[in-house]
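These are the residues of each chain, in order.
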Amino acid sequence: MKGIILRRLGQTVPVLLGLTIIAFMLIHLTPGDPAEGLLAQRVTPQLIQQVRRQLGLNAPLWQQYLQFVWHVLHGNLGYSYRLHENVNVLVADGLPVTLFLVVYASVIAAAVGVPLSIAAASFRDRWPDRIIRGGLITSFGLPAFWVAVMLDLIALRTGVLPASGYGAGFFGHVGHLFLPALTLSLTFLVVLVRSLRASLIEVLEIDYVALARLKGVSQTRLLTHHVLRNAISPAITILGLNMSYLLGATVVVESVFGVDGLGNILVTGVLSDDYQLVQGLVLVFGLLVILINLGVDLAQGAIDPRCRLAAS
Amino acid sequence: MTEIIDRIAADRSLLGRPRLMLRVGSHRTSLWLGVTIIVVIALAGLLAPVIARHSPTSLNIAAALEPPSLGHPFGTDQFGRDVFARTLYAARLDLPLALALVGTGFTIGTIVGVLAGWSRGWFDTAVTRVIDIALAFPFLVLVISIIGVRGPGLGSLYIAVSLISWVFYARLVRAEVRVTMDADYIRAALASGFSKPRIIVRHLAPNVIIQPLVYASSDCVYALLLGATVSFLSLGVQPPRVEWGQMVALGVPYVGSQWWMSTFPGAMIALTGIGFSLIADGLANLVRTGRDS
Amino acid sequence: MKQRRHLWYGRSLRPRRPAEAERAPDTGAPLLQAQNLTVCYGRAGRRHRLAEAAVNSASINVGYGECLGIVGESGSGKTTLANCLAGLLRPTSGQVLFRGKVVNEAARAPTVPRVQGVQIVFQDPGSSLNPRRTVGSVLREILAVHRLVPGNDLTERVGELLRQVGLPAEVAGVRPAQLSGGQQQRVAIARALAFSPRLVVADEIVSALDASVQAQILNLLDTLRRRLGLSVVLITHDMAVARQLCDRLAVMRQSEIVEVGTTDSVLGSPAHDYTKALLAAVPRLSAANGQETRIPR
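Model, not experiment: these values are computed from the prediction.

### Overview of the overall build of chain B
In step 1: Helices and strands together make up the secondary structure of chain B, namely 14 helices and zero strands.
In step 2: Secondary structure of chain B in N-to-C order comes out as α-α-α-α-α-α-α-α-α-α-α-α-α-α.
In step 3: Per-residue burial over chain B gives 50% buried out of 293 residues.

Written out as C-alpha cells, the structure is:
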C-alpha cells in the first residue's frame, strides 16, 4: 500500500512542475510590459525600471522561472500591488471560505443527488426516471451566474435568507452560504446524477444482485446494502473528477453573492490587472485540484480493493 | 451459402437500413425539440431588425427602468434601452460565439489527438503530459486569468479558449484512436497498400470522430455558458456590443426592484442552453443505441 | 457437400508435394524466403537479448503453389513471424525475400508487393473489417485505388470475388456487423484475393469460429489455393487443421523453429521431442495408452 502511495505521489511531480510553468508563463502573456501592468496609473520610465529590477524581469526567462519556483517553495506567492498585501495572506484568508463552500455544495449535491439517482435507476424508463432525466437536461443548460442572480433576487424580495457575505460562526456560515452552495451544487448535481444513475443501473444488472433477489431479499434492503456500497466508489470518483469544474464555478458564485473566497479574490485581481495576485491564485487553484484528486485516488484505493490491484 | 440468402429474404431491412438508424424513441424527440429551439432562437436573432420595434443601443433616459409593457415586452434598462430588442440582437453574438468556440477546440483537438494516437512516440508522450497539466486547472480559472492578463474582450476570450479547450478533444480522440488501432482493420488497410494519409482520413477518422462529435454537442452548452459568464464578469463582450451575460450583469445592481433587466436575458441563455442540451442528449442516445445493436 | 468433421481421423487423399519447396522454373528460388529472422520488441537501440526475442533466427521457405503450415502453441511467435512475412512488421535482424528480392529487412521500411504479392487474413473476423463500411465499398476501394479493374467493371468484379468465396453478390451492400463470423471471414478472404496475390498468409483464420464453420472455411481456402495456384502460409495451433491442408509443416516453440518437413514426415515420424509431445497431447477418441504426456517448456 505504501508503494502505491509513493508511486501516485511520484506521478504528481511532473504535473506539479507543469503547473508552475503555466502559472509562470501567465504573466508573460501580457501584450505589454509586465512591469507596466503591475503599477498603478502614473508611470514613468524610471519607475518601470525600478520595478523591473525589483521583480528580476531583466534576467533571462529560465532564471526568472527558477526564482519563481524558489519563491513558491518558500511560501512566497508574490505581492498584490492593488490590495497591498502578500498573496499568501490573501490566500490564507480566502481558502477556508472557498473550501467550506465547496464541501457544503458537495454535501447538498450528495444529499439530493444520491436519492435521485437511486430513484432514477430503480424506476428506469418509467415516469420518475423520465422526469428526473428531463430535469437534468434542463438544469444542464442553466447558467450558474443567472441562477445565482435569481436566487439572490428571491432572497432580497423575501428576506428569508441572507443574500451575501460569510457570516460569523459555523451556523452563520451555514446560513449565509446556503444560497451560494445551492447554486454551486446545481452544476455538480447534473453530472453526479447522470453518472451515478448509469453506475447503479450497471450494478443492478450484475448477477449477484439477481441472486440476492432470488434469495428473497426485499428491494429496499437490496438497494441499501448491496447496491449503495458499490455505488459509493464511482460517486467519489465523480466528485474528484469534477472538482476542477466545481472550483471554477466558485469564481462566479462567490462573485455574485459577495463571498470573500478565492474565487472572488481572483475576479477582483483580474479586473484590476493585479497580475501577481492572479498568478498566485492560478497556482493555488491548480494545486487544490491536484491535491483533491490525489486524495480521491487514495481514498478509492482504501475503499475499493480492485483499485489497489489495478494500481500495483 | 443458402443461409445468408434465407436471412436476406426473411429480413429485407437488412440491406435497406439507413446509416444512422433513426428509430422512434425518446432520443429522437429530444433531438428534434432541441434543434427546433436553436433554430427559432437563431431566426429570432437574424430577424431582430424586423421583429424589434426599438433600437438596441439608442438611449432614452426618460423611459428608463420601465417594467414590461406592450411597448416594451421586456421592459427598459437604466438607460431607457428596450430590453427585448437588446435580447434579440444579443442572440446574433451569443449563438455564433458558442459554435465558434466549440469549432476551434474540436478542430485543434482532433488533429492533435489523431497525430498523438497514431504516432505513439515522443509526440504522444508530450501531448499526454500537456493534457494532464492543463486538466489540473479549473477551466474557468485559466480562461479568466488569460483574459485578465491580455485585457478584456472577445479576442482574449478566443485566445484563451483556443489555448486550452482542445485538450478535452485531444484526450478523447487519442483514446478512440488507440482503441481503433487495436482492431485489425487498420492493419488490414496497411496490408492493402494504402497510403497513411488515406488510411487516417478515410478509415480511421470516420470511426474515431463519433464520440468527439457527441462531446462537441454538449460542449456547445459549456461554450455558451462560458461566453456568457465571462461577459457577465465584464471580461468578454464589451459595450456597445450586446450580449446576454453582459446584460444580466448590468441589471444586477437593480435586481431587487427592476427584476426584468437580469431575468429575461438570463432566461434566453437558459433556453438556448436547454436547446443545446436536448441536442446533446439526443445525439448521445442515438450513438449509444447504434452501438448496442 | 460432405461435412469433414473428423479431421483427426480423416486422411487427405491429395497428392503430397516433394520434400523441398517447389522452386520457380527459371531462377530456382522459392516464392518466399525468410532468412534468420529475429524480432525483438523494445527500443531499437538496445542490444537485444535472445531470451526476449519474439522470433529468434527463423528461416523458412515457401514454394510456388504450396501450403506451408506453421504450428505451435500460443506465445510461440507464430503471429509475429506471420506479420513479418506479410511485411507488417520489420524484423530486428534478418530478411524476407519475395521472388528472390529483399522486401523486408531491419534497415528499411518493408516493400512487400501488395498486388500480385503477399496478402494476409487475420484471426478475428469481426475486428479486421471496418464496421462503418459495407463489404462492397471495402472491395471496391482496393480495386479502384490500385486500378486493378476499369471503373465500369468494378461492381462485376466485386460480385465475382464474393462468389469465389461462396457468398452471394448481394452481400456487397451489407455491413460486417450483419454477417456471421464465418461469412465475415469469407469477406476477409475475398479482400485478400482482390489483389490476385501469389501468397496468402492465413493467421489462425479459423480459431475464432465454430467447429462446423471451421471446416467450411478451410475447404474454401484449399479449393481456392488449387484453383488459383496460390501459395499459403497457414498459421495454426491445431494439428488437425495443419494435417488436412498443408504440404509442409514447420513447428515453432518459444520463438524458434524446431522442425521442418513434409506433413507426413513431421506428423508420422517426428524428429524433435517437442513435436512428439505436441502430437501426444492432442486428445484422441480412442484410449491408446492412457498416459499423460507433459510438454517440455
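From this point, the narrative continues.
### Considerations on the overall build of chain A
In step 1: When its secondary structure is counted, chain A shows 14 helices and two strands.
In step 2: A buried classification covers 37% of the 312 residues belonging to chain A.

### Considering unusual backbone geometry
In step 1: In this structure, P240 of chain B follows P239 of chain B across a cis peptide bond, with omega equal to 10°.
In step 2: Tracing the chain through its elements places P240 of chain B in the loop between α12 (210–232) and α13 (244–251).
In step 3: At Q116 of chain C, a residue that is not glycine, the phi angle is positive and equals roughly 55°.
In step 4: Positive phi values are uncommon outside glycine, yet S196 of chain C reaches one of about 50°.
In step 5: Along the chain, S196 of chain C falls in the loop between α4 (181–193) and β7 (199–203).
In step 6: A count of 13 C-beta atoms within 10 Å places S196 of chain C in the partly exposed class.

### Things to note about the sheet that holds strand β4 (residues 93–98) of chain C
Residue and element names in this part refer to chain C.
In step 1: Strand order in this open sheet of four strands is β2-β1-β4-β5, and the pairing throughout is antiparallel. At either end of the open sheet lies a strand with only one pairing partner, and these are β2 (53–62) and β5 (101–105). Each strand of the sheet is rotated relative to its neighbour by a mean of 25°, with strand direction disregarded.
In step 2: Relative to β2, strand β1 (residues 32–40) runs antiparallel, the two being bridged by six bridges. Among the inter-strand pairings, L37 is bridged to a residue of β2, identified as A58.
In step 3: Along the sheet, helix α1 (residues 78–85) contacts β1, β2, β4 and β5; its crossing angle with β1, the most-contacted strand, is approximately 125°.

### Considerations on the packing of helix α5 (residues 83–119) of chain B against helix α6 (residues 122–135) of chain B
Residue and element names in this part refer to chain B.
In step 1: Packing of α5 against α6 leaves a shortest axis separation of 7 Å and a crossing angle of 130°. In terms of their interaxial angle, α5 and α6 are classed as oblique. Of the two elements, α5 crosses α6, and the hand of that crossing is left-handed. Here V112, L115, A116 and S119 of α5 come into contact with α6, specifically with F123, D124 and V127.
In step 2: Class assignment for the residues of the contact of α5 with α6 results in five nonpolar, one polar and one charged.

### Some words on helix α12 (residues 262–271) of chain A
In step 1: When you tally the buried positions in α12 of chain A, you get eight out of ten residues, the bulk of the element.
In step 2: Positive backbone phi, approximately 55°, marks D273 of chain A, located one or two places after α12 of chain A.

### Re the interface of chain A and chain B
In step 1: Listed by partner, the interface residues are 42 residues for chain A and 41 residues for chain B.
In step 2: When contributions to the side of chain A that touches chain B are tallied by element, the ones reaching two or more residues are α1 (2–27), α6 (127–140), α7 (144–158), α11 (219–257), α12 and α13 (275–303) of chain A.
In step 3: Counting residues per element, the side of chain A that touches chain B draws most heavily on α11 of chain A, which supplies eight residues.
In step 4: Of the residues that constitute the side of chain A that touches chain B, the class distribution is 32 nonpolar, eight polar and two charged.

### Quick look at the sheet that holds β7 of chain C
Residues and elements named next belong to chain C.
In step 1: Read across the sheet, six strands follow the order β6-β7-β8-β3-β9-β10 without closing on themselves; strand pairing throughout is mixed. Edge positions in the sheet fall to β6 (118–121) and β10 (256–262), since each of these pairs with one other strand and no more. Going across the sheet, the axis of each strand differs from the next one's by a mean of 15°, ignoring polarity.
In step 2: Sheet analysis places strand β3 (residues 67–71) next to strand β8 (residues 231–236), joined by five bridges and oriented parallel. Bridging from a neighbouring strand, L68 pairs with V233 of β8.

### Section: helix α7 (residues 139–150) of chain B
All names here are of chain B.
In step 1: Relative to the 16 Å expected for twelve residues at 1.5 Å per residue, α7 spans 17 Å between its end C-alpha atoms, a close match to the ideal helical length.
In step 2: With eleven of twelve residues buried, α7 lies mostly within the body of the structure.
In step 3: Among all positions in α7, only F139, L140, V141, L142, V143, I144, S145, I146, I147, G148 and V149 are buried.
In step 4: Two residues or fewer past α7, G151 is found with a positive phi of approximately 100°.

### Structural notes on the interface of chain B and chain C
In step 1: Contact residues are listed per partner, giving 19 residues for chain B and 24 residues for chain C.
In step 2: Among the secondary structure elements, those contributing two or more residues to the side of chain B that touches chain C are α1 (2–10), α2 (13–16), α10 (185–191) and α11 (196–208) of chain B.
In step 3: Its residues assigned to classes, the side of chain B that touches chain C comprises 13 nonpolar, four polar and two charged.

### Details of the pairing of β1 of chain C
In step 1: When β1 of chain C meets β4 of chain C, the two strands line up antiparallel, connected through five bridges. The partner of T38 of chain C across the bridge, within β4 of chain C, is S93 of chain C.

### Notes on the nonpolar core
In step 1: Core analysis: the largest hydrophobic core is formed by 248 residues, its most contacted members being V143 and I144 of chain B together with V233 of chain C.
In step 2: Broken down by element, this core gets its largest block of residues, 18 residues, from α5 of chain B.
In step 3: In this view, I144 of chain B contacts V251, L266 and V270 of chain A together with V230, L233 and L235 of chain B; residues no more than four positions away in its chain are not counted.

### A word on the environment of P115 of chain A
In step 1: If you trace the backbone, P115 of chain A turns up in helix α5 (residues 87–122).
In step 2: Of the residues examined, P115 of chain A has 11 C-beta atoms within 10 Å and is grouped as exposed.

### Observations regarding the pairing of β8 of chain C
Residues and elements named next belong to chain C.
In step 1: Burial analysis of β8 places six of its six residues in the buried class, the great majority of the element.
In step 2: Side chains S231, V233 and I235 of β8 all project onto a buried face; the interleaved residues V232, L234 and T236 project onto the opposite face, where all are buried too.
In step 3: As defined by bridge partners, β7 adjoins β8 across five bridges and the pair is classed as parallel. Bridged to V201 within β8 is V233.
In step 4: Between the parallel elements β7 and β8, the chain passes through helix α5 (residues 211–228) in a crossover that is right-handed.

### Re the environment of Q238 of chain B
In step 1: Residue position: Q238 of chain B is located in the loop between α12 and α13.
In step 2: Distance from Q238 of chain B to P152 of chain B, taken between C-alpha atoms, is 7.8 Å for residues 86 residues apart in sequence.

### Concerning the environment of G18 of chain A
In step 1: Of note, G18 of chain A is situated in helix α1.
In step 2: The class of G18 of chain A is partly exposed, set by 18 C-beta atoms lying within 10 Å.
In step 3: The spacing of G18 of chain A and V91 of chain A is 73 residues in sequence and 21 Å in space, taken between C-alpha atoms.
In step 4: Ignoring sequence-local partners within four residues, the contact set of G18 of chain A consists of R129 and I133 of chain B.

### Topic: the confidence of the model for chain B
Residues and elements named next belong to chain B.
In step 1: Mean pLDDT over chain B stands at 84; residues scoring 70 or higher make up 89%.
In step 2: This model gives residues 1–24 a pLDDT under 50, and the stretch forms 22 contacts once residues within four places in sequence are excluded.
In step 3: Reported for the predicted complex are a pTM of 0.80 and an ipTM of 0.83.

The rules behind these values
Residues numbered from 1 in each chain as written. Chains lettered and ligands numbered in written order. Predicted model: local features only at pLDDT ≥ 70, side-chain atom pairs only at ≥ 80, totals over all residues. Helix = DSSP H or I, 4+ residues; strand = E, 2+ residues; numbered from the N terminus. Buried ≥ 20, exposed ≤ 12 C-beta atoms within 10 Å, placed from the backbone. Pairing = 2+ DSSP bridges. Axes fitted to C-alpha atoms, helices over the stretch in contact; angles between N-to-C directions. Contact = placed C-beta atoms within 7 Å. Parallel < 35°, antiparallel > 145°, perpendicular 65-115°, else oblique. Left-handed = near helix turned anticlockwise from the far one by under 90°. Nonpolar A, V, L, I, M, F, W, Y, C, P; charged D, E, K, R; others polar. Expected span 1.5 Å × (residues − 1). Core = buried A, V, L, I, M, F, W, Y, C linked by C-beta atoms within 7 Å. Right-handed = clockwise from strand over helix to strand, strands pointing away. pLDDT = per-residue confidence, 0-100.

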